[in-house]
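Architecture at a glance
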Amino acid sequence: MSTEEDRNWLTVPDLAERLALTPSRVRRLIEDRHLLAVRRDGVLMVPEAFLDDDGPLPELRGTAILLHDNGYTDDEAVHWLLEEEDSLGAAPIDALQAGRKAEVRRVAQALAF
């Protein structure tokens, strides 16, 4: 079982280099919820788990918007995505990576009630 603290985190410059983008384009991905970022020790960071080989995990954006619409802050959404969720038997981000998008979103939607 992995936790938020066990994850690898990337700064905006790290992401820019990895994705071959400018830092401003990376910030735009964050603003548009293709990625979620939180401040860790004052530095804006993104969990590496939010990426696949091609860039931002495609399933992340819709899930991030759903959590935001349900009143989650970015910090709360990142925490929820990275921590073990009993009803999924895994961290939601791990379930998304495994192709369980509908299941993750059902659980996220249920949290609003």
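So, here's what we can say about the structure. (Residues numbered from 1 in each chain as written. Predicted model: local features only at pLDDT ≥ 70, side-chain atom pairs only at ≥ 80, totals over all residues. Heavy atoms only, no water.)

Side chains that differ in charge, positive against negative, can pair when their charged atoms come close. Using the criterion set out here, one finds five salt bridges in the structure. Residue aspartate 94 is joined to arginine 7 by a salt bridge in which the shortest nitrogen-to-oxygen separation is 3.0 Å. In this pair, aspartate 94 is assigned in helix α5 (residues 92-97) and arginine 7 in the segment before β1 (9-11), connecting sequence segments 87 residues apart. Using a relative accessible area of 26% as the deciding quantity, one classes aspartate 94 as partly exposed. The buried category is assigned to arginine 7, whose relative accessible area is 13%. Here glutamate 103 makes a salt bridge to arginine 100, at a shortest N to O gap of 2.9 Å. (Salt bridge = Lys/Arg side-chain N within 4 Å of Asp/Glu carboxyl O. Helix = DSSP H or I, 4+ residues; strand = E, 2+ residues; numbered from the N terminus. Buried < 20%, exposed > 50% of the residue type's maximum accessible area, 1.4 Å probe, protein only.)

Further remarks concern the nonpolar core. Within the largest apolar cluster, 36 residues are counted, with the highest numbers of intra-cluster contacts made by Leu15, Leu35, Phe50, Leu81 and Ile93. Breaking this core down by element, the ones donating at least two residues are β1, α1 (12-19), α2 (23-31), β3 (43-47), α3 (58-69), α4 (74-82), α5 and α6 (101-110). When residues no more than four places from it in sequence are discounted, the contact partners of phenylalanine 50 are Leu35, Leu36, Gly55, Pro56, Leu57, Leu60, Val78, Leu81, Leu82 and Ile93. (Core = buried A, V, L, I, M, F, W, Y, C linked by side-chain atoms within 4.5 Å. Contact = heavy atoms within 4.5 Å.)

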